[in-house]
Amino acid sequence: MRTTVGIIGGGPAGLLLARLLHREGIDCVVLESRTRAYVEQRQRAGMLEQGTVDALREAGAAGRLDAEGLVHQGIELRFDRERHHLDFPALTGGRTVTIYAQTEIVKDLVALQLSDGPPLLFEAEAVAVEQPESASPVVRFRHEGRERTLACDWVAGCDGFHGIARDAVPAAVSRTYAHDYPYSWLGVLADVAPSCDELVYARGERGFALHSMRGPNVSRLYLQVPNGTDPADWPDERIWDELAARFAIDADWTLRRGPITAKSVTSMRSHVHEPMRHGRLLLAGDAAHIVPPTGAKGLNLAVSDVRILARAFTELHRTGSTQLLDRYSELCLRRVWQATRFSYDMTRMLHAQPNGDAFDHRLQLARLRRIAASRHAAAELAANYAGLPLTL
């Protein structure tokens, strides 16, 4: 097989890149190691920045998003049994965020790709990227019981943190920056209408909790738990009781309870790989960077990478210029490090530190009170949360 852009990974980054390239007349092939059913069911993020919504519209993939997505005007911070609302449009000049599950984005993109798009191969496991420094790199992959090769002009590694694309960047030129956090999130899906209109971030002495949603009748909730926690140690009643305690405020508010349909534990880490380009191999999304989910940046960063990469390939296709491709790593990493900083700050401010003391607790409260009392501080948080403008 031969194509212009070989895309490793059929998650939202790889699929969105394929759609944007297809609309520009740039041929590509997407290789996804898992089955269609698996990629359409794996639970991931659900909060979309305005720029992510705009990118999906540009790709012609926002029909259901526009009809079913829940537009949010801000978030709520809870601490000291008080609630504080941050009005994003007022603080950012009109920007909002939208709740629409990543699983639904993937379903929309897969359907488009299969009905009107370049090849998308499921159960096609990439095993190596060869000759990335050459003018014709090759992706070796297994599909339908045999090993095959995909010759490309360019390779886009959109295969996630555990993929093989990043391994093709030689150790001599790679730099990795990482930080592991001393706690995890216990996440649950529940068949119950959300108890609030917008996301609630709660910080208390018992630990952090987040109330989110996946639709009008499905709630997504998280609890800070120790690393190594087994979800089986948390029966449903214990989860609901702990959530109620962490969200508690001195006001008339009740946490709705319902059947819990899924439980999982997510470790918290920050990880940045530099550079994001080596020869004709370009990394995007989790293949290049991971952030803790507190700032809701993972999916949105991946989409930012893809928007820059699609524009770079379009410039090459239309004019023959590699100027944007040559700056791809630099442009992405600027944004990546800002998102990494924001996610780290949000995580440190909202989570009880396992080895923290009263001094740490007071500092966290001081940060939260500053945001609640200062328009300037609130606007800084809102601007980062809703998504900084994409600049090239």
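Above this note sits the structure.
My aim in this report is to walk through the structure given alongside it, one point at a time.

### A closer look at helix H11 (residues 358-373)
Along its 16 residues, H11 runs 22 Å from first to last C-alpha, staying within 8% of the 22 Å computed at 1.5 Å per residue. Within the sequence span of H11, burial applies to His361, Gln364, Leu365, Leu368 and Ile371. For H11, the arc enclosing every buried residue in end-on projection is 120 degrees, short of the 170-degree limit, so these residues lie on one face. Of the exposed residues in H11, those oriented more than 90 degrees away from the buried face are Ala358, Phe359, Arg362 and Ala373. Structurally, H11 contributes buried residues whose contacts are with strand S5 (74-79), strand S6 (82-87), strand S13 (199-204), helix H10 (328-350) and helix H12 (375-386). Between the side-chain oxygen of the N-cap and the backbone nitrogen of Phe359 there are 3.1 Å, and the N-cap of H11 in question is Asp357.

### Examining the sheet that holds strand S12 (residues 175-190)
With mixed pairing, the eight strands of this open sheet are ordered in space as S6-S5-S13-S14-S15-S12-S16-S19. Each having just a single partner strand, S6 and strand S19 (289-290) make up the two edges of the open sheet. Inspection of the sheet shows S5 paired to S13 by four bridges, in the parallel sense. Paired with Leu77 across the two strands is Tyr201, which belongs to S13. Contacting S12, S13, strand S14 (207-215), strand S16 (260-274) and S19, H10 runs over the sheet at an angle of about 130 degrees to S16.

### What to know about the sheet that holds strand S7 (residues 97-99)
Taken in spatial order, the three strands make up an open sheet running S3-S7-S4, and their pairing is antiparallel. The open sheet terminates on both sides in strands that have one partner only, identified here as strand S3 (47-48) and strand S4 (70-72). Note that S3 and S7 share two bridges and pair antiparallel. From the neighbouring strand, Leu48 faces S7, where its bridge partner is Thr98.

### Brief notes about the packing of aromatic side chains
The full count for this structure, using the stated rule, is 10 aromatic pairs. Their ring planes at 35 degrees and their centres at 6.3 Å tell us that Tyr181 and Tyr183 sit as a pair that is tilted. We classify Tyr183 as buried; its relative accessible area is 1%. Seen in terms of ring centroids, Tyr181 and Tyr344 are 6.1 Å apart; in terms of plane orientation they differ by 45 degrees. Their pairing is tilted. You can see Tyr181 sitting in strand S12 and its partner Tyr344 sitting in helix H10, a full 163 residues away along the chain. What links up through ring pairs into an aromatic cluster is the set Phe88, Trp185, Tyr201, Phe208, Tyr222 and Tyr385. Between the NZ or CZ atom of Arg34 and the centre of the ring of Tyr38, over which it lies, the distance is 4.2 Å.

### Quick look at the pairing of S5
Along S5, six of the six residues are buried, which leaves the element largely enclosed by surrounding structure. Going residue by residue along S5, you find Gly74, Glu76 and Arg78 tucked away on one face and Ile75, Leu77 and Phe79 tucked away on the opposite face as well. In this sheet, S6 lies alongside S5 in antiparallel orientation, the contact comprising six bridges. Within S6, the residue paired with Gly74 across the bridge is Asp87. With antiparallel pairing between neighbouring strands as the criterion, S5 and S6 make up a hairpin whose turn holds two residues, including Asp80 at a positive phi of roughly 50 degrees.

### As for the side chain of Gln50
Mapped onto the fold, Gln50 is located in helix H3 (residues 50-58). Accessibility expressed as a relative area gives 19% for Gln50, which makes it buried. With near-sequence residues (within four places) excluded, Gln50 lies in contact with Arg57, Arg95, Thr96 and Ala386.

### Describing the nonpolar core
Within the largest apolar cluster, 73 residues are counted, with the highest numbers of intra-cluster contacts made by Ile7, Leu16, Leu17 and Phe313. Looking at this core element by element, the count peaks at 10 residues for helix H8 (residues 298-319). Ignoring any residue separated from it by four or fewer positions in sequence, one finds Leu16 in contact with Ala55, Leu56, Ala59, Leu109, Val303 and Val306. Judged by nonpolar contacts, the second largest core, of 54 residues, contains Leu186, Leu199, Met268 and Ala378.

### Here we look at unusual backbone geometry
Following Glu274, the chain continues into Pro275 via a peptide bond in cis, with omega recorded as -5 degrees. For Asp80, which is not glycine, the phi dihedral falls at a positive 50 degrees. Relative to the elements of secondary structure, Asp80 occurs in the loop between S5 and S6. Among the residues examined, Asp80 registers a relative accessible area of 39% and is labelled partly exposed. Phi is positive for Glu123, which is not a glycine, with a value near 55 degrees. Structurally, Glu123 is set in the loop between strand S8 (120-121) and strand S9 (124-130). Look at Glu123 and you get exposed, because its relative accessible area is 51%.

### Some details on the pattern of salt bridges
A complete count under the given rule lists 27 salt bridges for this structure. Two residues, Arg2 and Asp153, come together in a salt bridge whose shortest N-O distance is 2.6 Å. A residue pair is termed long-range when its members are at least 10 positions apart, and Arg2 in strand S1 (residues 2-8) and Asp153 in strand S11 (residues 146-157) qualify at 151 residues. By relative accessible area, Asp153 is classed as partly exposed at 23%. A salt bridge links Glu242 to Arg246; its shortest N-O distance comes to 2.8 Å. Highlighted residues: Glu242 and Arg246, both in helix H7 (residues 236-247), separated by four residues, approximately one helical turn. Of the two residues examined, Glu242 and Arg246, each falls in the buried class. Put simply, Arg64, Glu68, Glu104, Lys107 and Asp108 are held in one network by salt bridges that share partners.

Conventions and cut-offs
The residue numbering used here restarts from 1 in each chain and proceeds along that chain's sequence as written. Local features in this predicted model are restricted to residues whose pLDDT is 70 or higher, and side-chain atom pairs enter the listing and the counts only when it is 80 or higher, whereas totals over whole chains, interfaces and linings include all residues. The basis for every side-chain value is the complete set of heavy atoms in the structure, and neither hydrogens nor water enter the calculation. By definition, any uninterrupted DSSP run of H or I lasting at least four residues is a helix, any uninterrupted run of E lasting at least two residues is a strand, and each is numbered from the N terminus. Helices are assigned an expected span. That span is 1.5 Å times one less than the residue count. Think of it in three bands: with a 1.4 Å probe and only protein chains considered, a residue is buried below 20% of the maximum accessible area for its type, exposed above 50%, and partly exposed in between. Taken from the helix axis, the directions to the C-beta atoms give the arc we talk about. Residue contacts are defined here by distance: any two heavy atoms, one from each residue, within 4.5 Å place the two residues in contact. The definition of a polar contact used here is a pair of N or O atoms within 3.5 Å, where within protein one atom must be able to donate a hydrogen and the other to accept one, and adjacent residues in sequence count solely through side-chain atom pairs. One requirement defines pairing of two strands: DSSP has to find at least two bridges between them. Whenever a helix is involved, its axis is fitted only over the stretch in contact; in every case the axis is a line through C-alpha atoms, and angles between N-to-C directions fall within 0 to 180 degrees. Each pair of aromatic rings taken from Phe, Tyr and Trp, with Trp reduced to its six-membered ring, is defined by centres within 6.5 Å and is described as stacked if the planes are under 30 degrees apart, edge-to-face if over 60, and tilted in the remaining cases. Think of it as a cone above the ring: NZ of Lys or CZ of Arg counts as a charge over the ring if it is within 6 Å of the ring centre and within 35 degrees of the ring normal. As used here, the term nonpolar core means buried Ala, Val, Leu, Ile, Met, Phe, Trp, Tyr and Cys residues forming a set that is joined through side-chain atoms within 4.5 Å. Here, a salt bridge means any Lys or Arg side-chain nitrogen found within 4 Å of an Asp or Glu carboxyl oxygen.

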